[in-house]
Every structure is written in structure tokens, then in C-alpha cells.
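Remarks on the overall topology
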Amino acid sequence: MKTVISLFLLFIIFTADLSAQGFNSLNGRNHPYLNWQVAETEHFRIIYPERIAEIIPQAAAVAEESYAALSANLEVEFSKKIPIYLSDEDEIVNGFANPIGKGYTMIWVNLNDYAETKTGSEKWLRKVIAHELGHIFHFKAVWSDFGLLNYLIADPLPRHWTEGLAQYQTEVWDSQRGDRWLRKAIFDSRPGFNDGQSIENGRLMYAVGNSQLRYFTETYGDSSLVNLLSHRDKVFGLEYHDFYSAFDEVVDGGYSAFYEEWRKHINIYYNSLASKMERTDSLGADKISLSGQFYYDLAVSPDGTQIAVLSLQSLSRRVRGLYIVENDSTRKSRKVAEGSINADIIWNSDGTKIFYSRTVRGDKSSLLNDIFRLDVESGRETQITRSRRAKYPTPGPLQNTIAYIANEDGTGNLFQLDMQTGEENRITNYSDDVQLLHPLWVAHEQAWLIHKFDEFGNRYMILADPLTGREKLIDDGSVDNRRFVLSPDGNKVAFTSLRDEVPNVFVYDFEADTEQRVTNLFTGGEIYGWFTQQDSLQSEKLLVKASETKRRDGVYFIDPGRSYYSFSGGEVNQAYSSWRIKQAPNWITSNIEPDETLIQNQYSYQPLKNIKHAATIILPYYGDSENWGLFGTVGFTEPLGKHLIATTGNLSFGNSDHSFGILSYINNQLYPTISTSIYKTPGSAYFYGDNFLVEELIGGDVTLDMPVDRFEAPYQNGSVYARLRHVLVRPFDRDAFSESFLTPAPERARQTDLSVGFQIKKQKPWRDNVIHPLDGWGVRGVLTGAEKKLGSDVSFVTADLSAYKVMQSIGMQRIYLYGRYQQQWGSSLPQDFVGFSRLDNINLNLPGEVPIDLFNQAERVRGYRSFIAGNRVAFGSLEYRIPFLPSLNTTILGLVNLGSTTISFFTDAGVVWNARFNDGTKGTEQRWGAGAELKNSLNFGGIRFAHAVGIAQPAQELFTDTDYDLYYRVRAVVPF
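In this report, we go over the structure that sits alongside the text. (Residues numbered from 1 in each chain as written. Predicted model: local features only at pLDDT ≥ 70, side-chain atom pairs only at ≥ 80, totals over all residues. Heavy atoms only, no water.)

Notes on the sheet that holds strand S13 (residues 346-347)
Read from one edge to the other, the open sheet built from four strands follows the order S13-S14-S15-S16, with strand pairing classed as antiparallel. Bordering the open sheet on either side are S13 and strand S16 (381-383), each of which pairs with just one other strand. Bridging between strand S14 (residues 353-361) and strand S15 (residues 367-375) involves nine bridges; their strand directions are antiparallel. Counted as the bridge partner of Ser 357 is Ile 371 from S15. (Pairing = 2+ DSSP bridges. Helix = DSSP H or I, 4+ residues; strand = E, 2+ residues; numbered from the N terminus.)

Listed below in C-alpha cells is the structure:
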């Protein structure tokens, strides 16, 4: 049995990892209608949907110039062309690189809002292609004889240095990619990005790696970086790369000594800089209390009486919620929406509605941004645009109009929508690589104020006249000004500027054409509102977000005319600041012109020819004298995820009957995912009667799984699926089961069956979902039928419908409800019973890629220890769950960690109709049990699940001398 469990755990991990490749791993859809093409250059194969062919000359030019610079800097060459996959199907501001096949990269293109995520003058293709190729060259520089196994025996690519190297080689040091996150963490004395204390830790990881690479190369030289990457250790005569071992060779004292040098160096720089700027205690205002620990966005209602807050309550509960907070001493708040709401919320002119964009499923299931309207009083949400790729809504100059930026193939343009007629009008008419952010109607100027990121990489504040199309520049493009908020009288605008490498607040006066600084905060401040405070002075206040700790955001009401502090002394000693401008020896041009001549060949992409070997793992194992040999797994994948092949098994040299294996092929070329598996393996393990039954399955199946957009909602998803299977079922140790009317001996038979079903589940993120979910519900239905076809020996139909719900109670305590109904017609194998198990079977929520059900799902009424089977079963469970301990802080052998613990008081009840009894009769069996259970979260080798110990009795015998049912079980806290 140990071999069985090891086989499945390895298969689960391996197939799940293989499936997490390609664009569909992030967007969850296959998009079979895309016509993929290939454009070859000297060093690259660029794979792309035919509809974005116009950007390929630009991509080719960026890729080839990046190759020349990176190859020279890192002294690396490639013998084969590097694959670059591009897609515009989703609005995902991202790209990633994968070391499979010695490296390929996948990048989303034609985006508008990357202009807000990043800063600087580089356009998206230049920034992202160069960055991801930095990873590919890093992979090649540390590649060893072990291939991908190097990642198991050593640490060749610590992530912060992997990201840092890509940034150092291809980007300049700036605010969004480093400074604003690093300086706050240093000032907070918390530079660690793995401490779990901040939503900024992801950005901080990039910043730490970025700064360390610059400091390292400035101190030890770029040749030392090459030496570091080329260092190899040996084991069994084979070479491998380990980052920390290599550091020991290149730097005295290794990485730990370097880290201390770096930390002291940047501490001096940032603390020296801090002495020349303001702290939050100089704002002359107290921090105000709003809903949440971290704020994505805030907006003040037109009359100043309410604040809309888009926030995260805590890191353990990563649910993005929109709250309405009363702007008075009570700070009373209520939650009105949640989920994938973007940071562009804004009120309408009378304060009855809020507009924002969400990332939702659009046409053909793409992940796109669309505009939504929320009625503040009722909380009712209405989608305004559909598949428009629209963000940054703002009220238009006319009543019942809303304007927004729409992304058209990467070009941002401003549109205005009449919400009564549904008529949309274009305001701007850009056609090049131009992106727009934060539109705002300025009645005083009768023009639109917009952040424009033009095709040359300039960032401007502009006033765009909707009638003439003329533009007036507010700034000179040398600074990055964004996020505009009008003054109550409309004569001024406050905005956030990144000119200090951290955000700070400025005010521009339209009449005087002058700019005034409002804050000079060392750790930064961002503007979110400007309103007239309802006090005796009717004073104006700015709503500013500012914090000196990465662990929590702060919000302040400050005077827009305040005097800020600035030290007029000399600059920070260059010896401590020069690392910021350190660049790689060969630099990639910021603005690269498209070059069609670089494309040597073009043709249609053929997925089957692009299947790559992912990994092979083969290890010896020993079970007993008759079961020993080799145990391993092999995987192949096509980068777009259209084809995945995985095989796992063991070869027993002691007894060939103990050799097992599974071969699976996953096809994503159509809308549903089609999985085909063939196997000879112990496929089911569960209690049958008084004994534990293990069955060998020899055969195969085909499964179709298709997500359904209609089932999707915030934190909710659903799918429909079908499985056709033909197997030979062979029970192990059949002689251990005595033949009886209650439990007929398990039979050997061939079975051909078809299962169809659906599943809908809602589960919000929560640190302890594995042990104590705070909410959620689910419904699942499965209909399975078998017929005597293709040599099948059985004919039956089984219906299985189940549902659960987690309901709120006092504090963190929860009520859990679960119900299930099963009915069987016909004549199935006796071991495929519907009824109640004598003992608890293991119940784990396995990934969908696993082709076989390892454990039987029969329920048990706790308090009873007898087997019963019939043809209809109804089961219900009610639990009152109470958190007990946040963690046992116990680690066993470095592999097993005991985590959070809860106490549950429960009652189970069930009925079995047409039940078989020991005396040879049939009838109805009713059971009702109750008791208490102690659940604990167990982490075994990175796999988390819940296990429990409990005590129960039949409900009618509670607290009597009747024997107690003392049990241990491994069971998921939600059924699916």
C-alpha cells in the first residue's frame, strides 16, 4: 500500500506541475479558435496568433537586440532557436519564462494598463521581452548535466536573484520596479520578503534582487557575475550548479557575508536620504481608521460624507472588498462588493452610484476588463460594458454619461457612453503604441485631463479638447504624474507624482498654470480624494495614503496648502547611492524600431512537433523481499499546453505482479480538456465490510472537463464533465472477504461505464481553508451508468447528488452543513455499494488531472461501527466548528508539520433503504450519531490536508455507558 500512495502522490504533483504550463494555466481556458503562426529570426521562433501579426517585426527587433546584449554580458550562446510565445487573448500584465526544453517564454501583449503598473519610458514589448529573455539566458548560464533535476538536488535559481538579474540586465532602477518598495522595507527594518507580513512582499522580492545585483556587480564586477553563474559542483562525476556554493567561491564569506554588506550599504543610503525628507508625523494630521489593513483604492463622495474603500482586510484573508465608510466619528462601514475589482473606483456626481472596472470573462471566455456600476443604497451591481477591455471610468460632462479608457489592440482611447441610449462615442483617436490612464473631465477647462504614455515613451499630463482634438501639455514629460483628483471648485487638480522614486502629492492650478508640492514624504504618499470638510471652518482636505511600514497602510486628511519639509543640504554620498545607476556592460536600446528584415521564415505552428521533454525522475525503492525495484515518472509537454503526456509507475524486480503504471495524455486543443489514461494500478482502496479492500484496475478512460462561464462569479467557478471508462477490476486478497448476505465477496469483472456530472463551488481565499474554511458552498451531481457492452459484466445506474455550505456564527466559529443523496438501479459489483462504511475512508480533494479515484467516497455516521448497504442512501451532517490553536508549531523529521487545530461538535444522520441485514432480511436502516472531533492541519512534504481524532455515540445513547466510537480519520473539511 505504501507503493500505491507514493505512486499517486508523485503522479499528483507531477501532472499538476505539467498542467501549470502555457497561457491556459493562468486563464483557465483553451481558446481553440486561435490560428497560431511562427516567425523565425536568427535566434528565435516567435509563436503568435495570426491576428497580432503586425507587432511581430517589433518583437523580432527587441528579441534580437536583447540576444546580442545578454549573450555578451553573460557569455552565453544558444545552439537552438529560443521560443517566444505571444498572446493578446487576455488582459494580463505579465509574462513568464520556463526552463523546460532549456527555456521558452510566454508573454501577454497589446495591453493598456501596464502603463500604470510600470513606470519609465520603455514600452511594453521592449520591457517584457528583454526581461523574460534575461531569465532564459540565466537558465542557460546555470544549466548542468542534471537538467531539471538540478532543481531537486540544489538551489540554482533563488527567485529574488533570478528576478534581480533580469532587471539588472534589461531595466533601469526606478520607482515601481524597486525603490518605493525597498526604501520602505529598509526604513521599517523588515527587508525580508518571505516574512508573510505584507502584500508588498512580491514587489519587495523584485526590489531586493534588483538592488543586490547592482550592488554586487558594482562591488565585484560583471566578470564575477559570469564566474558565479558558471561555477559547478560535482556529484557522482556529474556537474550541477548551486547558487550558494557558487557564492562561497566568488565572495569571501559567501552569500550571508554579502547580504550583510549589502544591507548595511543601502541602510546608509536610505537613512541618509530620509533625513532630507518628511515623515508621516510631519503631516499635521492623525491617521484615520478605515476598513482594511491594505488599501488598493479610495474615493470620497461628492458631499464628503462617505468614503469608498477598496481594501484587503488581512493577509490571511486575501479577499478584495469594496466598503462604504461613513466619514464621521463613527467610521461605520458596510461591505457592498468583492472580488476582482480594479483600483479605479469613482463616484457619480450626486453620490448615489459608484463606478469601477472588474476583470471578468468576456467574449470566448477571455479575461477582460469591463465597467460596472454599483447602486450605493441597494448594493446592486450592473455591468455597463461587455468585452470592451475598458478601465478607468469617470463621469462624463453630460448627465447619465460615463467615460472610460478602452484598450484597442494595445492602444488606449477615451470613449463616452450614454447609459440611457447605450450609444458610445469616441473622444480620442490614437492609433499607435499609445496608452492612456486616469481620465477626468475638467469643466473649468472644458477638456479631459489624461495621463498619456505616447509611442516614444514620454509620459505627459495633457488636457484634450473633445471638440478640436488639440492637446495642452501640463508637464514636460520628464516626470511621471498620475491619478488626478479635482478640487471642490474645479480650479485645481491634485495628483500623484513618482519623480522622487516614491509617490508624492502635488497640486496644479489651472488658472495660474503653476504647480505646488504638497508632500515630500520619504516613504511616499498618494492622493485619493479632495473634499470640503463639514466643520465650522468648511476647510478643504486631501485624502492621502501614506505609511512608513510595509505591514499596514495609513490614511490621512491633510491641508492642501500645507508647507512641506525639505532639507536643502548636499546630496547623499555618491559612494552609497551609485549602485542605483549601475547598468550591465551592454545595454539594450530603450526605443527599438520594428525590423521586418529580421524575419527569415514564417509558417503555421504545429503543436505536436513542439512537444518537449519536461523531466524524468527514476529512483530505486524497496517495499519487501518481493517488491523492490525502480520507481519513476516521465513527462512531456507542449508549451501552449495543447498536449501533455505523463507516465508514472514502478518496475518490481522481486515480483512482476507488483509492477504498476499510469500513462496519461491531456489534450487542450478543443474547448473542453480531454484526458486519456491507460493504467495497470491499484486504483481503489477503501473499507468494505470489516476489511480493507484494494482493487487493481487494468484498462483506461477518456475524460472531458469543461469550465462553464455561467457558473463563474467572484471566488466561484464550475464545470461540467464526462468520463467513459473500460476496466478490468481485480480485488486483491479476495479470500480475506467472507461471503455473506450483508457483504457479498468482492468480484472480479470487466466494467464499461459512463459518468456525467457538474460541479459548482465558491470558496474565498483564507489561510486555513484546509482546516477551517470561513465560508463557501458547493453543489455536485454525478450520474454513472454501466452497460454490458465491450465485454462488460455489469449493468447499473448510480445517481449521486451532494451539497455543502459553511455559515457564519460567533466570531471565527462556523456552522457546517453537508447533505448527500445516492441511489442505485441495476446490478453493480457488490463492492461498489451505496451505504455506510464501517470505518472512515480517506477523503482528499485531488486535482482534476488525477485520472483515478484512489479512495471510496462512502459516508459513515459517526457513532456507529457497522457496515450497511442498500440501494438508496440519504446522509446529512451538521458541525459546529471552533478554532482552537493557530498552530502546534511541531515539525517531525523535517517533513511533517502540525498546523492549526479546531474543535467540532457534530451530529450525523442517515437512512439506507432496502438495506441488507445479517439475518438475510432487507429493510430500512436509520442512524443518528453525535460527538466531538479535534481536527488538525497536517503538512506532509508540501501537501496540506486535514486529519482528525474524535469520539461519538448514537444520539439516543449519548452520555450512557454504551461503548464510545473513538476514531481517527483523514478527511477533507469540505467534500469537494
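The structure having been displayed, the exposition proceeds.
So, the packing of helix H10 (residues 222-230) against helix H11 (residues 243-250)
Where H10 contacts H11, the axes come no closer than 8 Å and their chain directions differ by 135°. The angle between H10 and H11 falls in the class oblique. Here H10 and H11 pass one another in a crossing that is right-handed. Taking contact as the criterion, the partners of Ser 224, Asn 227 and Leu 228 in H10 are, on H11, Phe 243, Ala 246, Phe 247 and Val 250. Across the contact of H10 with H11, the residue classes break down as five nonpolar, two polar and no charged. (Axes fitted to C-alpha atoms, helices over the stretch in contact; angles between N-to-C directions. Parallel < 35°, antiparallel > 145°, perpendicular 65-115°, else oblique. Left-handed = near helix turned anticlockwise from the far one by under 90°. Contact = heavy atoms within 4.5 Å. Nonpolar A, V, L, I, M, F, W, Y, C, P; charged D, E, K, R; others polar.)

Some words on the pairing of strand S31 (residues 555-558)
Burial along S31 is two-sided: the face carrying Val 555 and Phe 557 and the face carrying Tyr 556 and Ile 558 are both buried. Sheet analysis places strand S8 (residues 287-288) next to S31, joined by two bridges and oriented antiparallel. Along S31, the bridge assignment pairs Ile 288 with Val 555. Here four bridges tie strand S30 (residues 540-546) to S31, and the two strands are oriented antiparallel to one another. Bridge pairing in S31 places Val 544 opposite Tyr 556. (Buried < 20%, exposed > 50% of the residue type's maximum accessible area, 1.4 Å probe, protein only.)

Some remarks on the sheet that holds strand S3 (residues 82-87)
Spatially, S4-S5-S3-S2-S1-S32 is the arrangement adopted by the six strands of the open sheet, whose pairing is mixed. The two strands at the open ends of the sheet, each matched to only one other strand, are strand S4 (95-98) and strand S32 (601-604). Here the average twist between neighbouring strands, direction ignored, is 20°. Strand direction decides the pairing type here: S4 and strand S5 (residues 104-108), joined by four bridges, are antiparallel. Across the sheet, Asn 98 pairs through a bridge with Tyr 104, a residue of S5. Its contacts with the sheet put helix H3 (residues 56-74) on strand S1 (36-40), strand S2 (44-49) and S3, and the angle it makes with S2 is roughly 150°. Here helix H5 (residues 124-141) sits on the sheet in contact with S2, S3, S4 and S5, set at roughly 20° to S4.

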